[in-house]
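Spelled out from the first residue to the last, the chains are:
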Amino acid sequence: MAHRRPRHETTGNKITRWTLIAAALLLLSLFVVAPLLVVFANAFDKGLGGYWSAITEPDAQAAIRLTLIAAAAAVPLNTFFGIVAAWSISKFDFPGKNILITLLDVPFAVSPVISGLIFVLMFGLQGWLGPWLEAHGIQIIFAAPGIVLATMFVTVPFVARELIPHMQAQGREEEEAALVLGASGLQTFFRVTLPNIKWSLLYGVILCTARATGEYGAVAVVSGHTQGGTNTIPLHVEILYNGYDSTGAFAVASLLTVLSVATLIVKKLVEGKSTES
Amino acid sequence: MASKRRSILPGFGLTTGFALTYLSLFVLIPLSAIFLNAMAQDWQSLWATISSPRLIASYKLTLGASLVSALFNALFGLLVAWVLARYDFPGKRIADAIVDLPFALPTAVAGLSLTALYAPNGWFGRYLGMLGIQVAYTRLGVLIALIFVGLPFVVRNVQPVLEDFDLQVEEAARSLGATRWQTFARVIIPALLPSLLTGVSLAFARALGEYGSVVFISGNRVFETEIASFMIMNKLDQHDVPGATAIATVMLIVSFLMLLAINLLQARSRRYMETS
């Protein structure tokens with residue numbers, strides 16, 4: 001949503017205005033800012049050395065590697081899907097469009113634990129494909145492929161959800177003009193549509209990355225919680241925390257926290273760009 | 001608003017087909033696994049699982065805490081949206097950005113940091129303890145976590161409507177003799193109601209399924225602080241896949257009803273925006 005300057009400030013007198021501002025800022029500090037700050041305060045509890053050793057020890061490195069693999073699979077695929085789905089939904093009217101949009105929202109609407117359970121039911125030992133997979137020595141659940149699949153599932157909506165409102169607001173006129181002037185479909189997309197949506201696409205991709213690297217519930221179900229092989233960053237954080245290594249847990253968690261703060265900054269920049277144009 | 005005429009843009013079949021195939025493969029087929037699996041089960045044992053006293057307690061907590069957190073966020077979110085849409089103050093851009101933090105921060109990280117804040121030796125827990133209030137490992141903790149995750153939904157739904165609100169309507173009300181409070185209650189609130197309801201129901205729906213941010217601060221005490229999502233995990237830890245599927249089915253049905261209600265609400269608020 002574009003950021004607009006308030007048109008005037010006549011609402012309420014000075015006392016009401018500042019009371020409301022103070023109340024909003026106080027509540028935001030207590031409920032949102034404090035949880036953010038406490039991550040870094042705890043992460044550096046044992047100084048820079050403790051922080052560094054927590055994020056460089058082998059288990060942490062293995063978790064970071066697997067998280068990056070899952071994100072490297074989920075983000076490009078869901079970005080491509082997001083662009084294609086947004087083109088279909090925002091540029092055309094067709095029966096059943098609402099069903100498509102509802103399906104798109106499903107991974108966001110269901111509990112992450114259910115998202116993980118879905119893959120246990122399909123690929124687990126008691127699941128649909130479980131016996132076949134076992135006979136062929138393929139392990140999906142309690143292994144990296146399950147984590148990649150669960151991550152892909154939970155991040156399906158983010159790029160599409162970011163693009164659809166922007167592409168709908170832009171309408172079709174510019175693309176139609178390009179086509180009438182003789183551009184091909186792909187030329188129209190790359191020269192007309194893409195420049196228009198690049199900032200919201202960037203935000204969508206970063207939000208998708210933040211969600212892919214930070215997914216916990218779905219991944220916890222399919223990973224089976226074993227040390228070393230199948231831990232992502234959030235699972236490694238949980239193990240450290242349950243092992244009473246609070247400083248280590250927050251140090252590793254701070255990596256994800258930095259990414260989510262970067263997401264917020266990019267969102268602000270993108271809003272600035274879209275009001276300029 | 002896009003016109004209804006046929007589009008000359010290319011790629012309708014290709015993009016719609018791809019989107020449908022991708023969603024079927026990655027969303028629809030996996031999701032149907034839950035229902036098909038639940039259908040194949042023995043209904044009596046299924047019912048016994050989902051109606052056990054421990055599960056009833058978890059449904060009550062999940063529904064109750066989600067509802068209370070959504071109502072709290074209605075007020076909290078309205079206040080924040082109002083201040084961001086109407087006033088200028090130093091640090092406003094930062095405040096506006098930070099509202100989205102719960103949406104971007106991984107749920108497990110949120111869960112850990114809330115627990116650290118409200119634990120008996122934490123920044124807040126220490127002082128609340130002196131007042132005899134315990135938050136961590138109680139139902140209050142569940143509520144705090146759900147308030148955290150739900151806030152952006154209310155703010156981001158209400159804020160654009162407030163920013164677009166025609167100030168002339170307010171001025172008309174004022175010049176016709178309405179007090180400031182009457183203008184707020186009779187003019188602004190009715191205009192905001194659809195978006196506020198949408199935001200609150202989105203926050204409520206999100207709270208129903210929330211897992212990561214709750215399970216650390218709740219402590220998962222039997223009959224006390226176990227939420228429905230945790231009960232699925234609990235069944236899975238005991239290798240009771242049918243039990244987990246049964247609970248998941250109950251939660252999915254509730255989620256779908258919520259999605260349906262939200263879509264109806266959004267359709268209504270769109271109609272309101274178009275007629276006004």
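Model, not experiment: these values are computed from the prediction. (Residues numbered from 1 in each chain as written. Chains lettered and ligands numbered in written order. Predicted model: local features only at pLDDT ≥ 70, side-chain atom pairs only at ≥ 80, totals over all residues.)

1. Brief notes about the overall build of chain B
Working step 1: When helices and strands are tallied, chain B shows 13 helices and zero strands.
Working step 2: Start at the N end of chain B and walk to the C end: the helices and strands fall as α-α-α-α-α-α-α-α-α-α-α-α-α.
Working step 3: Seen through its C-alpha atoms, chain B measures out along the principal axes to roughly 65 × 65 × 30 Å.
Working step 4: The proportion of buried residues among the 276 residues of chain B is 45%.
Working step 5: Counted over contacts in chain B with a minimum sequence separation of 6, partners at least 24 positions apart contribute 78%. (Helix = DSSP H or I, 4+ residues; strand = E, 2+ residues; numbered from the N terminus. Buried ≥ 20, exposed ≤ 12 C-beta atoms within 10 Å, placed from the backbone. Contact = placed C-beta atoms within 7 Å.)

2. Quick word on the overall build of chain A
Working step 1: Secondary structure summary: chain A contains 13 helices and zero strands in total.
Working step 2: Going from the N terminus to the C terminus, chain A shows its helices and strands as α-α-α-α-α-α-α-α-α-α-α-α-α.
Working step 3: Burial statistics for chain A: of 277 residues in total, 47% are counted as buried.
Working step 4: Long-range pairs, those at least 24 residues apart, make up 76% of the contacts in chain A between residues at least 6 apart in sequence.

3. Concerning the packing of helix α5 (residues 112–123) of chain A against helix α1 (residues 12–39) of chain B
Working step 1: Packing of α5 of chain A against α1 of chain B brings their axes to within 8 Å, and their N-to-C directions diverge by 75°. When the axes of α5 of chain A and α1 of chain B are compared, the pair comes out roughly perpendicular. Every residue of α1 of chain B that contacts α5 of chain A at Ile-114, Leu-117, Ile-118, Phe-119, Leu-121 and Met-122 of chain A is listed here: Pro-30, Leu-31, Ala-33, Ile-34 and Asn-37 of chain B.
Working step 2: Within the contact of α5 of chain A with α1 of chain B, the residues separate by chemical class into 10 nonpolar, one polar and no charged. (Axes fitted to C-alpha atoms, helices over the stretch in contact; angles between N-to-C directions. Parallel < 35°, antiparallel > 145°, perpendicular 65-115°, else oblique. Nonpolar A, V, L, I, M, F, W, Y, C, P; charged D, E, K, R; others polar.)

4. Things to note about unusual backbone geometry
Residues and elements named next belong to chain B.
Working step 1: Even without a glycine there, the phi angle at Tyr-137 is positive, about 65°.
Working step 2: When you line up the elements, Tyr-137 lands in the loop between α7 (125–130) and α8 (139–164).
Working step 3: Of the residues examined, Tyr-137 has 20 C-beta atoms within 10 Å and is grouped as buried.
Working step 4: Residue Phe-223 is not a glycine yet carries a positive backbone phi of 65°.
Working step 5: Position of Phe-223 relative to the elements: it lies in the loop between α11 (212–218) and α12 (228–237).
Working step 6: By the C-beta count within 10 Å, which is 11 here, Phe-223 ends up exposed.

5. Overview of the packing of helix α9 (residues 167–175) of chain B against helix α10 (residues 180–209) of chain B
Residue and element names in this part refer to chain B.
Working step 1: Viewed as axis vectors pointing N to C, α9 and α10 meet at an angle of 140°, and their least axial separation amounts to 10 Å. By the angle between their directions, the pair α9 and α10 is classed as oblique. The element α9 and its partner α10 pack so that their crossing is right-handed. Seen from α9, the contacting residues are Val-169, Glu-170, Ala-173 and Arg-174; seen from α10, they are Thr-183, Val-187 and Ile-188.
Working step 2: Looking at the contact of α9 with α10, its residues break down into four nonpolar, one polar and two charged. (Left-handed = near helix turned anticlockwise from the far one by under 90°.)

6. Topic: α8 of chain B
Residues and elements named next belong to chain B.
Working step 1: Compared with an ideal rise of 1.5 Å per residue, which puts 26 residues at 38 Å, α8 spans 38 Å between its outermost C-alpha atoms and is within 8% of the ideal.
Working step 2: The largest bend in α8 amounts to roughly 40° and is located at Gly-150, with the proline Pro-152 lying one to four residues further along.
Working step 3: Counted residue by residue, α8 has 19 buried out of 26 residues, so it is predominantly covered. (Expected span 1.5 Å × (residues − 1). Bend = angle between axes of the 7 residues up to and from the residue.)

7. A few points about the confidence of the model for chain B
Working step 1: A residue-level look at chain B finds 95% of positions with pLDDT of 70 or above and a mean pLDDT of 89.
Working step 2: Across the whole predicted complex the pTM is 0.91, and at the interface the ipTM reaches 0.89. (pLDDT = per-residue confidence, 0-100.)

8. Quick notes on the interface of chain A and chain B
Accessible area lost upon the coming together of the parts is a frequently used measure of interface size.
Working step 1: The partner chain B presents 76 residues to the 85 residues of chain A that form the contact.
Working step 2: Tallying contributions element by element places helix α1 (residues 14–43) of chain A first for the side of chain A that touches chain B, with 17 residues.
Working step 3: Across the side of chain A that touches chain B, the residue classes break down as 56 nonpolar, 16 polar and 13 charged.

9. Digging into the nonpolar core
Working step 1: Core analysis: the biggest nonpolar cluster contains 165 residues, and Ile-114 and Leu-117 of chain A together with Leu-112, Phe-148 and Ile-232 of chain B have the highest contact counts within it.
Working step 2: In terms of residue count, the dominant contributor to this core is α8 of chain B (14 residues).
Working step 3: With sequence-adjacent residues up to four places away left out, Leu-112 of chain B is seen in contact with Val-237, Tyr-241, Ala-249, Phe-250 and Ala-253 of chain A together with Phe-216 of chain B. (Core = buried A, V, L, I, M, F, W, Y, C linked by C-beta atoms within 7 Å.)

10. Re the environment of Lys-60 of chain B
Residues and elements named next belong to chain B.
Working step 1: Assignment of secondary structure puts Lys-60 in helix α3 (residues 53–86).
Working step 2: Judged by local crowding, Lys-60 falls into the exposed class, with 11 C-beta atoms found within 10 Å.
Working step 3: Spatially, the C-alpha atoms of Lys-60 and Asp-88 are 42 Å apart, while their sequence positions differ by 28 residues.

11. Things to note about the confidence of the model for chain A
Working step 1: Mean pLDDT over chain A stands at 88; residues scoring 70 or higher make up 92%.
Working step 2: This model gives residues 1–9 of chain A a pLDDT under 50, and the stretch forms 14 contacts once residues within four places in sequence are excluded.

12. Quick look at the environment of Ile-15 of chain A
Working step 1: Mapped onto the elements of the fold, Ile-15 of chain A is located in helix α1.
Working step 2: Once the C-alpha coordinates of Ile-15 of chain A and Gly-82 of chain A are considered, the two residues, 67 residues apart in sequence, prove to be 47 Å apart.

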